[in-house]
Amino acid sequence: DAGVIQSPRHEVTEMGQEVTLRCKPISGHDYLFWYRQTMMRGLELLIYFNNNVPIDDSGMPEDRFSAKMPNASFSTLKIQPSEPRDSAVYFCASSLRGLAGTGELFFGEGSRLTVL
Amino acid sequence: AQKVTQAQTEISVVEKEDVTLDCVYETRDTTYYLFWYKQPPSGELVFLIRRNSFDEQNEISGRYSWNFQKSTSSFNFTITASQVVDSAVYFCALSEVRTGNQFYFGTGTSLTVIP
């Protein structure tokens, strides 16, 4: 079975450019998460969706960041305009939750973003 | 306040030694879940174990074992006879049902196994 698929794996861009990161969750999973990982701050939850609806976006750093989930099999995280401090690894994760409780997160391989 | 504390930032051991990674959590929920994830140098995050708050039985999986103690709010991870392939960053995480199943990750412990 395919896992969580993220693209691009690596992105190098210049300050001020728009960046779009993409994620395809595991089929059937009803939760999708976007995390950012940096040396300084570790793993930070940016936003998560349940059944394509954003539930909590309190981790989104500022208005330059936006995330969408137009359908159950696709999500995007957009940064516009990008800044050097946005350089990080961005992980997408999906999970299957239900009455049984919290399922484990399945992570993609991450998108390493470098903003020059 | 940090919900998950991994006090050990970096640990180095010689191959075949046993090593324990500590994890202390904080929650007011009675129903919660604890996890360990491994992040090898390649960067992906790999799920290792999930434990719910009602199950305090320790678990062993090959060279890995986990010690869950609610009395001390700890969920420690032991690797027996460590190997070079165990070198990675290990994250402990907490998920509270009350707060909508958000995952709270610790800051990670970087383990280096020296051959």
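What comes next is a walk through the structure. The structure presented is a predicted model; accordingly, all values stated were derived computationally and were not measured.

### Considerations on the pairing of strand β7 (residues 65-71) of chain A
Residue and element names in this part refer to chain A.
Right, on to step 1. The pairing of β7 with strand β8 (residues 74-79) spans five bridges and is classified as antiparallel. Along β8, the bridge assignment pairs Lys-68 with Thr-76.
Right, on to step 2. Counting the residues between successive antiparallel strands, the hairpin from β7 to β8 contains two residues.

### Regarding the interface of chain A and chain B
Right, on to step 1. Each partner contributes to the interface: chain A provides 17 residues, whereas chain B provides 18 residues.
Right, on to step 2. Taken together, the links from chain A to chain B amount to zero salt bridges.
Right, on to step 3. Linking chain A with chain B are two residue pairs in polar contact (both at pLDDT 80 or more), by the criterion used here.
Right, on to step 4. Within the residue set of the side of chain A that touches chain B, elements represented by two or more residues are β4 (31-38) and β5 (42-50) of chain A.
Right, on to step 5. Of the residues in the side of chain A that touches chain B, the class split is nine nonpolar, four polar and four charged.

### Details of the sheet that holds β7 of chain A
Residues and elements named next belong to chain A.
Right, on to step 1. Spatially, four strands are ordered β1-β3-β8-β7 in an open sheet, and the strand pairing comes out antiparallel. The open sheet has two edge strands with one neighbour each: β1 (5-7) and β7. The average undirected angle you get between the axes of adjacent strands in this sheet is 15°.
Right, on to step 2. The pairing of β1 with strand β3 (residues 19-24) spans three bridges and is classified as antiparallel. Pairing of Gln-6 across the sheet is with Cys-23, part of β3.

About the cut-offs
- Residues numbered from 1 in each chain as written.
- Chains lettered and ligands numbered in written order.
- Predicted model: local features only at pLDDT ≥ 70, side-chain atom pairs only at ≥ 80, totals over all residues.
- Heavy atoms only, no water.
- Pairing = 2+ DSSP bridges.
- Helix = DSSP H or I, 4+ residues; strand = E, 2+ residues; numbered from the N terminus.
- Contact = heavy atoms within 4.5 Å.
- Salt bridge = Lys/Arg side-chain N within 4 Å of Asp/Glu carboxyl O.
- Polar contact = N/O pair within 3.5 Å; in protein donor to acceptor, adjacent residues only side chain to side chain.
- Nonpolar A, V, L, I, M, F, W, Y, C, P; charged D, E, K, R; others polar.
- Axes fitted to C-alpha atoms, helices over the stretch in contact; angles between N-to-C directions.

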